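Close look at the chain arrangement
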Amino acid sequence: MENRTKENQDDSRQITWHPMDITRERREELLGQKAATIWFTGLSGSGKSTLANAFEQQLAAMGKHTMLLDGDNVRFGLNRDLGFSKEDRVENIRRIAEVAKLMNDAGLIVLTSFISPFREERQAAREIIGASFIEVYVSTPLEECERRDVKGLYRAARKGEIAEFTGITSAYEIPLQPELTIDTSIGSVADSVREMTAALGHILR
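Since we're looking at a predicted model, the values are computed, not measured. (Residues numbered from 1 in each chain as written. Predicted model: local features only at pLDDT ≥ 70, side-chain atom pairs only at ≥ 80, totals over all residues. Heavy atoms only, no water.)

Turning next to the overall build of the protein chain. A count of helical and extended segments in the protein chain gives nine helices and five strands. Order of helices (α) and strands (β) in the protein chain, N terminus to C terminus: α-α-β-α-β-α-α-β-α-β-α-α-β-α. Here the C-alpha radius of gyration of the protein chain, 18 Å, is about what a compact globule of 205 residues would show, namely 17 Å. Dimensions along the principal axes, computed over C-alpha positions, put the protein chain at roughly 55 × 50 × 30 Å. Burial statistics for the protein chain: of 205 residues in total, 41% are counted as buried. If you sum the accessible surface of the protein chain, you get close to 11800 Å²; carbon and sulfur atoms cover 53% of it. (Helix = DSSP H or I, 4+ residues; strand = E, 2+ residues; numbered from the N terminus. Rg over C-alpha atoms; globule rule 2.2 N^0.38 Å. Buried < 20%, exposed > 50% of the residue type's maximum accessible area, 1.4 Å probe, protein only. Areas by Shrake-Rupley, 256 points an atom, 1.4 Å probe, with all protein chains shown as cover.)

We now examine the layout of surface pockets. Put simply, the largest pocket is a space of about 740 Å³. Those elements that place two or more of their residues in the lining of the largest pocket are helix H3 (48-61), helix H4 (71-74), helix H5 (86-105) and helix H8 (153-158). Taken together, the residues of the lining of the largest pocket sort by class into 12 nonpolar, 11 polar and 10 charged. In this model, the second largest pocket occupies a volume close to 200 Å³. (1 Å grid on protein atoms, 1.4 Å probe; cavity = no way out; pocket = protein on both sides within 12 Å on 5 of 7 lines; lining within 4 Å. Points joined across faces, edges and corners; volume = space filled by probe spheres on them. Nonpolar A, V, L, I, M, F, W, Y, C, P; charged D, E, K, R; others polar.)

A separate point is the pairing of strand S1 (residues 36-41). Counting buried residues along S1, six of its six residues qualify, which places the element largely inside the surrounding structure. Burial of S1 is two-sided: the residues Ala36, Ile38 and Phe40 facing one way and the residues Thr37, Trp39 and Thr41 facing the other way are all buried. When S1 meets strand S3 (residues 109-113), the two strands line up parallel, connected through five bridges. The residue of S3 that forms the bridge with Ile38 is Leu111. Bridging between S1 and strand S4 (residues 133-138) involves five bridges; their strand directions are parallel. For Phe40, the partnering residue across the bridge sits in S4 and is Val136. (Pairing = 2+ DSSP bridges.)

On the basis of which strands lie adjacent, the open sheet formed by five strands has the order S2-S3-S1-S4-S5 and parallel pairing. Because the sheet does not close on itself, it has two edges, and the strands there are strand S2 (66-70) and strand S5 (180-182). Pairs of neighbouring strands in the sheet enclose a mean axial angle of 20°, with direction left out of account. Against the sheet, H3 contacts S1, S2, S3, S4 and S5, and its axis sits at roughly 165° relative to S3. (Axes fitted to C-alpha atoms, helices over the stretch in contact; angles between N-to-C directions. Contact = heavy atoms within 4.5 Å.)

This next bit is on the packing of aromatic side chains. Describing an aromatic ring pair means giving the distance of the ring centres and the angle of the ring planes. Taken as a whole and assessed by the stated rule, the structure comprises four aromatic pairs. For the pair Tyr137 and Tyr172, a centre-to-centre distance of 6.1 Å together with 15° between the ring planes defines the contact as stacked. Here Tyr137 is found in strand S4, whereas its partner Tyr172 is found in the loop between H8 and S5, with 35 residues between them in sequence. Both residues of the pair, Tyr137 and Tyr172, count as buried. Put simply, the rings of Trp39, Phe114 and Phe133 pair up and form one aromatic cluster. (Phe/Tyr/Trp six-rings, centres within 6.5 Å; stacked < 30°, edge-to-face > 60°.)

Right, let's talk about the nonpolar core for a bit. Core analysis: the largest hydrophobic core is formed by 20 residues, its most contacted members being Ile38, Phe40, Phe55, Met196 and Ile203. Elements with a minimum of two residues in this core: S1, H3, S3, S4, S5 and helix H9 (189-199). Those residues in contact with Phe40 that lie beyond four places of it in its chain are Lys48, Leu51, Ala52, Leu111, Thr112, Ser113, Phe114, Val136, Val138 and Met196. Core analysis: the second largest hydrophobic core is formed by 12 residues, Trp39, Ala100, Val110 and Ile129 among them. (Core = buried A, V, L, I, M, F, W, Y, C linked by side-chain atoms within 4.5 Å.)

The next subject is H9. Those residues of H9 that sit buried are Ser192, Val193 and Met196. Considered in projection along H9, the buried side chains sweep an arc of 100° and stay on one side of the axis. Of the residues in H9, the exposed ones pointing more than 90 degrees away from the buried face are Arg194 and Ala198. Looking at the buried positions of H9, the neighbouring elements they touch are S1, H3, S4 and S5. (Arc of directions from axis to C-beta.)

All right, on to helix H6 (residues 119-129) then. Within H6, burial applies to Glu121, Arg122, Ala125 and Ile129. Projected down its long axis, H6 carries its buried residues within an arc of 100°, all on one side. Exposed and oriented more than 90 degrees from the buried face of H6 are Glu120 and Glu127. Those residues of H6 that are buried lie in contact with S1, H5 and S4. Positive backbone phi, at 90°, marks Gly130, one or two positions downstream of H6.

In structure tokens form, the structure reads like this:
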């Protein structure tokens, strides 16, 4: 690890940031929108992906240009080399934050659906993305997530078949000051989308 760190430090001396003539602001102007990253966090089965997908449909209907990054989908490609240890989860979120920032620089509204259980990693994502980072805590209770158990993961975790499973054998650190909190066990998906639309109006103008 020390050698790799030293190599990375040496490599960093060989690169220079290249300024671009077309700025993020210009791309936003061309697209007619304000770029942002809407970061959905919550337990497995809380409804993050469902809500992110539904809200993206709402944004598309409003003529907005978006991209949805889903936790499972990203692991088929960009992050297929990562496991589920704490270290790999932190790296998983770091990469996603960097990708989201690039997409924001392209003028897009990015929606991300990741458990992202640790406050420190979510704070790191916020620092990478900057002021356009919007944290949405999908606060659906563990009992409801287990009842849904869409992928059978909770059952497997309870049987000891999955190590380091968030909410069972690994901690989920609840966001302290999210921009928005939504419990999908209360009301319909449409209700949640209406709540988000009302709360996040500043990115929909």
